[in-house]
Amino acid sequence: MKKTISRTARQNAITYGIVLAFFAVMQPLAMTGKLSSSLSGLLIPFCYYVVLAVSLNLTVGILGELSLGHAGFMCVGAFASAFFSKCVQGTITNSLVRFLLALLIGSAFAALFGILIGIPVLRLRGDYLAIVTLAFGEIIKNLVNVLFIGRDSEGIHFSMKDSLSLHLGEGGEVLVNGPQGISGISRDSTFILGTILVLLTLFIVLRLIQSRDGRAIMAIRDNRIAAESIGINITKYKLMAFTVSAALAGAGGVLYAHNLATLTATSKNFGYNMSIMILVYVVMGGIGNIRGSVIAPVVLNLVLDYFLRKFQLMGDSPVLQFLSDNRMLIYAIVLILIMVMTWSPKMVEKRNALFGRRKESKEG
Amino acid sequence: MNKFAKIASCVLAGTMVLSTSAFAADTWKVGGIGPTTGGAAVYGQAVANAMQIAADEINEAGGINGYQVEINFQDDEHDAEKAVNAYNTLKDWGMQILEGTVTSTPCIAVAAETLNDNMFQITPSGSAQECAAGANAFRVCFTDPAQGTMSALYIGEHGLAEKVAIIYNSSDVYSTGIYETFVTEAESQGFEVVSVEAFTEDSKTDFSVQLQKAKEAGADLVFLPIYYTEASLILTQAAAMEYAPTFFGVDGMDGILDVEGFDTTLAEGVMLLTPFVASAEDELTQNFVSKFEELYGGIPNQFAADAYDGLYAIKAAAEASDLNPDMSISDICEGLKAGMTSITFDGLTGAGCTWDENGEPTKDPKAMVIENGVYAPME
């Protein structure tokens, strides 16, 4: 027993170590301007994609439920926090304090929605969660797009029609402008905060998995009837995992919202596509494998937004030109190749034969 | 996965070295950003193609102040985050001037970055107000608010209608922007807005409800601040229910005659306010349209024309301030800012165009009416 614990601790240490090492290499380079602009611009996106992937892995890998609305929780976190930051921009001038408060608000709102969705749905057996979360993601996106909130000397105005019906007085400003979303958000996200958030996410998720509650959650995943028969409260533990996952997705959304000057809910960033994208990170990294969820988003984003763009600048060769012109096509092929290489049974067999058999570990 | 990470980090280290290599400043490096994949790809592609045409022409004629122009166009998938990635990539490439981005939301995100770097930015078609908010940002197209106001003014001044219905896309920034200012201006005009109906990106195939309401309200003009794809459906469905008001569109309507499977006779009498018409007779337009058709196929749209004008405006401004690519990015920006506000520019999208310090263009839109399957100027 003692040996198992120390092994888990070592595995965890490696996961934290990867994040810290990445930070230790990138931060000084970025500070001294040695890092190319495109790479330093990707550092914060890396952080929120990792947070999103790790948190989804909690639902998909540890709880064993399929959630297709992770971007919906991200959207809730992003809009709640951006709205807060926009409101207090004049009053709280310390960006760190403002960001931390925004982070709390964003995660709290996402957790609230997680509970609301979870209470009815997690009582059911089968694929209902996938269906409901899929709908939830789309509903949230559409809801945000008809939301108009303005502020003037008389207070806050609210409308679901258009910004004209807010009837703002002199000097009033529109805070949330329907499909135009929120613009002029203070860009409080930094790579340091992002890294801290990643570490915090890892800490929460890993601690949860290795706790008594975590073992109950995994027992439900492995055999619901057996878990129920020994007196585990199924709904409680399911709800716990799902809510933590939603709150962390909200935290990822906060980082996202404060990284760009503008925030809109489109199908590109908060729709079904994004949810699937996060699921792809989880599946690529390995379902239930937390370390994989740390590495996969970084690698895939590097491929899509760094290498494939960079190829064009590296020379006049027609091959490089083709690769960068058909970025999205190549990316799809890369995804398929990675999937086949890492998960096809034949490939796993070959890999094991090549590198010597290694024991597959479930906990990361 | 570990092995993969190792390989990735090796390649990464390699490209980091490459990216810091110096470049010679004997050419103008103009970057472009826009969607070349995804739903809005048609606009980004049009801009990329038109920029290339303009750059080739300028280079053939001796470049800008004797220096050749290099174009690099990056995809942003119509997404703010990707647009910033594209911008950073272009910075690594050595971009000195940015012509972009094509669509509004990504443009606002990139404008915050260019303001930080004091890099000159001119967006061909980012029409939301915030796109040109910074002192370094200019635009070629009209703002959405300007289009709405001008449309209402035009309808009012020419007495085109007494009762007006509006059908707009509430999930689209462009459409809502025009709609809102149209309604504001309409209050002081001699017509009444009797019906306002919205649709969204997810429900843009059936417009019978919206049309029925407009018909019941007795509207004799339907204002369509939307893109041509949906407009063609509205025209078809209106004809099917024997409702024949005047239809009035804005620049997004341009292209309606090229919609596949659309009965163009239905578009007879449709009016639109647009700065660019591909069938115009002047030499500049003819030259551009024929080149575009020859190289890329198809009739260039409004976005292409804006992009073409954008690069020529950069040229005019750079020549007015006598700039050269050896200067720092910030100096080029200051020079271009001074140049832009001093020039009077004749382009595809209007003659005698001038820019004010806010980066907004002043030019007259052309009111067009579709007659016998072609655009005819309206007076």
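Residues numbered from 1 in each chain as written. Chains lettered and ligands numbered in written order. Predicted model: local features only at pLDDT ≥ 70, side-chain atom pairs only at ≥ 80, totals over all residues. Heavy atoms only, no water.

What follows concerns a nonpolar patch on the surface. All names here are of chain A. Together, Phe322, Leu329, Ile333, Leu337 and Met341 make up an exposed nonpolar region whose accessible area comes to about 490 Å². Take the nonpolar patch: its biggest share by element is four residues, from helix α13 (residues 327-343). Note on placement: Met341 falls in helix α13. The class of Met341 is partly exposed, set by a relative accessible area of 45%. (Patch = residues over 30% accessible without salt bridge, like charges linked within 9 Å, V, L, I, M, F, W, Y side chains within 5 Å. Areas by Shrake-Rupley, 256 points an atom, 1.4 Å probe, with all protein chains shown as cover. Salt bridge = Lys/Arg side-chain N within 4 Å of Asp/Glu carboxyl O. Helix = DSSP H or I, 4+ residues; strand = E, 2+ residues; numbered from the N terminus. Buried < 20%, exposed > 50% of the residue type's maximum accessible area, 1.4 Å probe, protein only.)

The predicted structure's coordinates, where accompanied by low pLDDT, should not be read in detail. Residues and elements named next belong to chain B. For chain B, per-residue confidence averages 86 on the pLDDT scale, and 93% of positions sit at 70 or higher. Within chain B, no element has a lower average pLDDT than helix α1 (residues 2-19), which sits at 49, and none a higher one than strand β4 (residues 120-123), at 95. A low-confidence stretch, residues 13-23 (pLDDT under 50), is modelled with 13 contacts involving residues beyond four sequence positions or located in other chains. At the level of chain-chain contacts, confidence expressed as ipTM amounts to 0.85, with global pTM at 0.86. (pLDDT = per-residue confidence, 0-100. Contact = heavy atoms within 4.5 Å.)

Contact residues are listed per partner, giving 49 residues for chain B and 51 residues for chain A. Where chain B abuts chain A, roughly 4100 Å² becomes buried across the two surfaces, and 59% of that area is made up of carbon and sulfur atoms. Note that Asp75 of chain B and Arg327 of chain A form a salt bridge whose closest N and O atoms lie 3.2 Å from each other. The interface formed by chain B and chain A contains 15 residue pairs in polar contact (both at pLDDT 80 or more). Among the secondary structure elements, those contributing two or more residues to the side of chain B that touches chain A are α1, β2 (68-75), α3 (80-93), α4 (104-117) and α6 (173-186) of chain B. (Buried area = accessible area lost by both parts, 1.4 Å probe. Polar contact = N/O pair within 3.5 Å; in protein donor to acceptor, adjacent residues only side chain to side chain.)

All names here are of chain B. Taken together, three strands build an open sheet; the order of strands is β11-β12-β13 and the sheet is antiparallel. Edge positions in the sheet fall to β11 (345-347) and β13 (361-362), since each of these pairs with one other strand and no more. With two bridges joining them, β11 and strand β12 (residues 350-355) adopt antiparallel strand pairing. Opposite Gly347, over in β12, you have Gly350 as the bridge partner. (Pairing = 2+ DSSP bridges.)

Moving on to the packing of aromatic side chains. For the structure shown, the criterion picks out 28 aromatic pairs over all chains. Judged by centre distance (6.1 Å) and plane angle (50°), the ring pair of Phe345 of chain B and Trp355 of chain B falls under tilted. Linking Phe345 of chain B in strand β11 with Trp355 of chain B in strand β12, this pair joins segments that are ten residues apart in sequence. Relative accessible area serves as the criterion here: at 5%, Trp355 of chain B is assigned to the buried category. Among the aromatic side chains, those forming a connected cluster through ring pairs are Tyr48, Tyr49, Phe79, Tyr256, Phe270 and Tyr281 of chain A. The residue whose ring lies beneath Lys363 of chain B is Phe142 of chain B, and the NZ or CZ to ring-centre distance is 5.5 Å. (Phe/Tyr/Trp six-rings, centres within 6.5 Å; stacked < 30°, edge-to-face > 60°. Lys NZ or Arg CZ within 6 Å of the ring centre and 35° of its normal.)

Residue and element names in this part refer to chain B. Two elements in contact, helix α2 (residues 41-60) and helix α10 (residues 302-320), have axes whose closest approach is 7 Å; the angle formed by their N-to-C orientations is 35°. Crossing of α2 over α10 shows right-handed handedness. Packed against α2, whose contacting residues are Tyr43, Ala46, Val47, Ala50, Met51, Ile53, Ala54, Ala55, Glu57 and Ile58, the element α10 presents Phe303, Ala304, Ala307, Tyr308, Leu311, Tyr312 and Lys315 at the interface. (Axes fitted to C-alpha atoms, helices over the stretch in contact; angles between N-to-C directions. Left-handed = near helix turned anticlockwise from the far one by under 90°.)

The next subject is empty space enclosed by the protein. Empty space left among the atoms is revealed by rolling a probe the size of a water molecule over them. All names here are of chain B. Tallied over the entire structure, the rule returns one cavity of 30 Å³ or more. Considering only enclosed or pocket space, the largest cavity measures out at about 30 Å³ in volume. Along the walls of the largest cavity sit Val140, Asp309, Phe345, Gly347, Thr349, Gly350, Cys353, Trp355 and Lys363, which together make up its complete lining. Elements supplying a minimum of two residues to the lining of the largest cavity: β11 and β12. Considering every element that reaches the lining of the largest cavity, the biggest residue donor is β12, with three residues. The residue makeup of the lining of the largest cavity, split by class, is four nonpolar, three polar and two charged. (1 Å grid on protein atoms, 1.4 Å probe; cavity = no way out; pocket = protein on both sides within 12 Å on 5 of 7 lines; lining within 4 Å. Points joined across faces, edges and corners; volume = space filled by probe spheres on them. Nonpolar A, V, L, I, M, F, W, Y, C, P; charged D, E, K, R; others polar.)

On to the pattern of salt bridges. Under the counting rule described, the total for this entry stands at 20 salt bridges over all chains. Of the charged contacts, one joins Arg151 of chain A and Glu173 of chain A as a salt bridge, the two residues approaching to 3.0 Å between their closest N and O atoms. Taken together, the residues Arg151 of chain A in strand β1 (residues 148-152) and Glu173 of chain A in strand β3 (residues 173-177) connect sequence positions 22 residues apart. In this structure Arg151 of chain A comes out as partly exposed when scored by relative accessible area, which is 27%. A relative accessible area of 32% means that Glu173 of chain A is categorised as partly exposed. Of the charged contacts, one joins Glu230 of chain B and Lys204 of chain B as a salt bridge, the two residues approaching to 3.8 Å between their closest N and O atoms. Of this pair, Glu230 of chain B sits in helix α8 (residues 228-240) while Lys204 of chain B sits in the loop between β7 (192-199) and α7 (208-216), and the two are 26 residues apart along the sequence. With a relative accessible area of 8%, Glu230 of chain B lands in the buried category. Lys204 of chain B sits in the partly exposed class, given a relative accessible area of 28%. Salt bridges linked by common partners bring Lys268, Asp305, Arg309 and Arg327 of chain A together with Asp75, Glu77 and Lys82 of chain B together as one network.

A few words now on the sheet that holds strand β10 (residues 271-274) of chain B. Residue and element names in this part refer to chain B. Pairing is mixed across the open sheet formed by seven strands, whose spatial order is β7-β6-β8-β9-β10-β14-β15. The open sheet is flanked by β7 and β15 (374-377), the only strands paired with a single partner. On average, adjacent strands in this sheet sit at an angle of 25° to one another, irrespective of strand direction. Two elements, strand β14 (residues 366-371) and β15, share four bridges in a ladder whose sense is antiparallel.

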